[in-house]
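# Structural overview
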Amino acid sequence: MSHSTVTVNKTTVFDYDAEFSLLDSMEENQVPANYNCRGGYCGLCKIKLTQGQVTWVQDSLVSLDADEVLACCCVPDGPISIEM
Amino acid sequence: MTYSTFNKVKNDALKEPMFFGQNVNVARYDQQRHAIFEKLIEKQLSFFWRPEEVDLSSDRKDFMAMPEHEKHIFLSNLKYQTLLDSVQGRSPNVAFLPVVSLPELETWLETWSFSETVHSRSYTHIIRNVVSDPSVVFDDIVDNPEIVKRAESVTRYYDEFIAKCNLYSLVGAGEHQLNGETVVVNLRELKRLMYLTITSVNVLEAVRFYVSFACSFAFAERAIMEGNAKVIKLIARDEALHLAGTQHMMNLMAQGQDDPEMVSIAAECQDQVIQIFEEAAEQEKEWASYLFKDGSMIGLNAEILKEYVEYITNIRIRALGFDDLYPGRNANPLPWMNAWLVSDNVQVAPQEAEISSYLVGAIDSDMDDADFDDFDL
């Protein structure tokens, strides 16, 4: 699962390196993301998953459309593309 | 629609809508129509805290040393928060419990409202600590025109909804003469009012609290009033959960995942939802001006606070599927706030950690022969 490629807004690309969450990985790679709670309930780190799959590492407690994920609650499962 | 405390009709709660179906009878949580409310209950219970856990002893000294305009900022925010939580500690119960139809949602409403009473108790804890006569602060809440103005818009929807539900419950649908006025009540009108009331509560939890939060955290960034900030951090954590609850209710209704009639009602109410958000955001910006009327505090002023209100309003209204109310306001003007709103930074209370001395009713089974030395038959 580690070293999955994450493409952000079709431009920035970085490797996920076994961080706790996609949000941590984004921060590690200087991709600025909104966040508050990091616990799956404030909804600030909501992003669109346009390609690929994710694995949930903690429960999301906010309303999500089918193509949305919370960056604090998941990690990439293979290469993914996100929009924010 | 007379309310029954235990509806005798056998019903399947999995087929009931969130509100205005049959009254809840059996409080069972092994199955849920909307599992999210069960998750919110679990989370809220795991968040349980008591104000007395937070040591405020150094705050009094900090408060005494503050210049007058900072005392005004601090106390005014406390008054406003006391108002908001006074309303929230009772209103979800009074307004929504008589019309709720799902056991998990009924318990979420009660759990949510209970946690607001803990917030109210924490304001008493803080106020008692910083001023010698708490009445000076509490009495001003109903006298201060700036706060009274906000109280009116915070409670307007609740009060109308409760009054019309009472009328409907007593005399049913129709045109009724009440105190010389003609009042029309019917189920659709009640559902419309309920949707707007939930919107108004969402705004309360999602936007109205945050100006006060920002000020409390700004004081603590300067290493003053840190006890207060710890309490506010716990309150902010709860409020984020509550706003997730109202967002879910609104989205489930608007997206047709609950009562089918709510889809068209939510669509009809779109302009009013925007108006409720706009009114609250503008009031909060006015509040920021009132707070800083006699001077700013280090690290925060009215202008930056107003930008933060616009930023947070955009985020909240977007979560309900609406466009930004303040286009272009997408960067957080107070990035340091995030550190205070992160849940995993919240200190673990001793009773949550594995410290045996804090485990109520725990038995120490570690024994040896010496333990019987003073034991005689």
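Note that the coordinates shown come from a computational prediction; the quantities given were computed from them, not determined experimentally.

## Thoughts on the overall build of chain B
- The helix and strand tally for chain B stands at 13 helices and two strands.
- Computed over its C-alpha atoms, the radius of gyration of chain B comes to 23 Å, within 12% of the 21 Å expected for a compact globule of 377 residues.
- Projected onto its principal axes, the C-alpha positions of chain B cover 75 × 70 × 40 Å.
- For chain B, with 377 residues in total, the buried portion stands at 44%.
- A separation of at least 24 residues holds for 74% of the contacts in chain B among residues at least 6 apart in sequence.

## Some words on the sheet that holds strand β2 (residues 12-15) of chain A
All names here are of chain A.
- Read from one edge of the open sheet, five strands run β2-β1-β5-β3-β4, paired in mixed fashion. Sheet topology places β2 and β4 (68-70) at the edges, where each strand pairs with a single neighbour. Ignoring which end each strand starts from, the neighbouring axes of this sheet average 30 degrees apart.
- Examined bridge by bridge, strand β3 (residues 46-56) and strand β5 (residues 74-83) share seven bridges and lie antiparallel to one another. Bridge assignment links Val54 to a residue of β5, and that residue is Pro76.

## Remarks on the pairing of β5(A)
- Note that strand β1 (residues 5-8) of chain A and β5(A) share three bridges and pair parallel. By the bridge assignment for β5(A), A:Val8 is matched with A:Ile82.

## Quick look at the interface of chain B and chain A
- Taken together, the 18 residues of chain B in the interface contact 14 residues of chain A.
- Among the elements of the structure, α1 (35-46), α9 (226-254) and α13 (337-341) of chain B are those that each provide at least two residues to the side of chain B that touches chain A.
- Here the side of chain B that touches chain A takes six residues from α9(B), the largest share from any one element.
- Across the side of chain B that touches chain A, the residue classes break down as nine nonpolar, six polar and three charged.

## Focus: the confidence of the model for chain A
- The predicted model of chain A averages 93 in pLDDT, with 96% of residues at 70 or higher.
- In the model of chain A, β2(A) stands out as the element of lowest mean pLDDT, 95, in contrast to β4(A), which has the highest, 97.

Conventions and cut-offs
- Residues numbered from 1 in each chain as written.
- Chains lettered and ligands numbered in written order.
- Predicted model: local features only at pLDDT ≥ 70, side-chain atom pairs only at ≥ 80, totals over all residues.
- Helix = DSSP H or I, 4+ residues; strand = E, 2+ residues; numbered from the N terminus.
- Rg over C-alpha atoms; globule rule 2.2 N^0.38 Å.
- Buried ≥ 20, exposed ≤ 12 C-beta atoms within 10 Å, placed from the backbone.
- Contact = placed C-beta atoms within 7 Å.
- Pairing = 2+ DSSP bridges.
- Axes fitted to C-alpha atoms, helices over the stretch in contact; angles between N-to-C directions.
- Nonpolar A, V, L, I, M, F, W, Y, C, P; charged D, E, K, R; others polar.
- pLDDT = per-residue confidence, 0-100.

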